[in-house]
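Each chain is listed here by its residues.
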Amino acid sequence: MRSLLLGLCIWLAPIVASTSQASNLPNGAEQRGEAAFRFLGFQIYTARLFTKGGLPLDWSQDFGLELTYKRNLSQSDLVEATLREMDRMGNALPIRGQLENCYQAVRSGDTYLAVSNGPDQLTFWRNDVAVCTLSHAGIKTRFMEIFLGENSRSERFTQALLGQ
């Protein structure tokens, strides 16, 4: 009986994980795309994009982006990488302090979910617990373009995430 229960838990784990953040998404949001981001051949994280009804991304609508980390990363790594990418894309903002309050070190399996609330706010959940809200004019586009913009690090990653 114990092995049956263990087998059931292992089988259900991906289903529970895929729905655990659903209550934090905008109403009517469904998964649009999924992609794995690799650096030098190593998988860093998987990402899932949630849009209204699973339809193509509409920047005027609220949406969510979930990252599930496959590697351990420090808070400093997360903050610096975010700021570097925003700068590279011409989207630099004075949000270092806000990011340091939002980001904590991650271990393999940890998730961050960012959900927009209009064009000027992003709320972050870490492992299904609300951790912060970034507020700045145009933050939704300026932050999310790291993953979803035409000038992202990986065109293939972005296209898969956008469901193209």
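Structural data are supplied above this passage.
Keep in mind it's a predicted model, so treat the numbers as computed, not measured. (Residues numbered from 1 in each chain as written. Predicted model: local features only at pLDDT ≥ 70, side-chain atom pairs only at ≥ 80, totals over all residues. Heavy atoms only, no water.)

Caption draft 1: The arrangement of helix H4 (residues 139–148) in detail. Taken across its ten residues, H4 has seven buried, putting it largely inside the fold. Within H4, burial applies to Ile139, Lys140, Phe143, Met144, Ile146, Phe147 and Leu148. The buried residues of H4 occupy one face: seen down the axis, they fall within an arc of 165 degrees. (Buried < 20%, exposed > 50% of the residue type's maximum accessible area, 1.4 Å probe, protein only. Helix = DSSP H or I, 4+ residues; strand = E, 2+ residues; numbered from the N terminus. Arc of directions from axis to C-beta.)

Caption draft 2: Region of interest: the layout of surface pockets. In this model, the largest pocket occupies a volume close to 690 Å³. Lining the largest pocket are 28 residues, with Phe37, Tyr45, Ala81, Thr82 and Glu85 sitting closest to its centre. For the lining of the largest pocket, the secondary structure elements donating two or more residues are strand E1 (29–39), strand E2 (42–52), strand E3 (64–69), helix H2 (75–88), strand E4 (111–116), H4 and helix H5 (155–161). Residue composition of the lining of the largest pocket, by class: 20 nonpolar, four polar and four charged. (1 Å grid on protein atoms, 1.4 Å probe; cavity = no way out; pocket = protein on both sides within 12 Å on 5 of 7 lines; lining within 4 Å. Points joined across faces, edges and corners; volume = space filled by probe spheres on them. Nonpolar A, V, L, I, M, F, W, Y, C, P; charged D, E, K, R; others polar.)

Caption draft 3: Region of interest: unusual backbone geometry. Notably, Leu40 is not glycine yet its phi reads approximately 55 degrees, a positive angle. Mapped onto the elements of the fold, Leu40 is located in the loop between E1 and E2. The class of Leu40 is exposed, set by a relative accessible area of 72%. You will see that Asp128, though not glycine, has its phi angle at about 75 degrees, which is positive.

Caption draft 4: The arrangement of the pairing of strand E6 (residues 129–135) in detail. Pairing between strand E5 (residues 121–126) and E6: six bridges, direction antiparallel. What sits directly across from Trp125, in E6, is Ala130. Hairpin connection from E5 to E6: two residues lie between these consecutive antiparallel strands, with Asn127 at a positive phi of about 50 degrees. (Pairing = 2+ DSSP bridges.)

Caption draft 5: Representation of the state of the cysteines within the structure. The full count for this structure, using the stated rule, is one disulfide. The disulfide partner of Cys102 is Cys132, and the gap between their sulfur atoms is 1.7 Å. Where Cys102 bonds to Cys132 through sulfur, the torsion about that S-S bond is close to 110 degrees, and the disulfide is right-handed. Here Cys102 is found in helix H3 (residues 96–102), whereas its partner Cys132 is found in strand E6, with 30 residues between them in sequence. Given a relative accessible area of 1%, Cys102 falls into the buried group. (Disulfide = S-S within 2.5 Å.)

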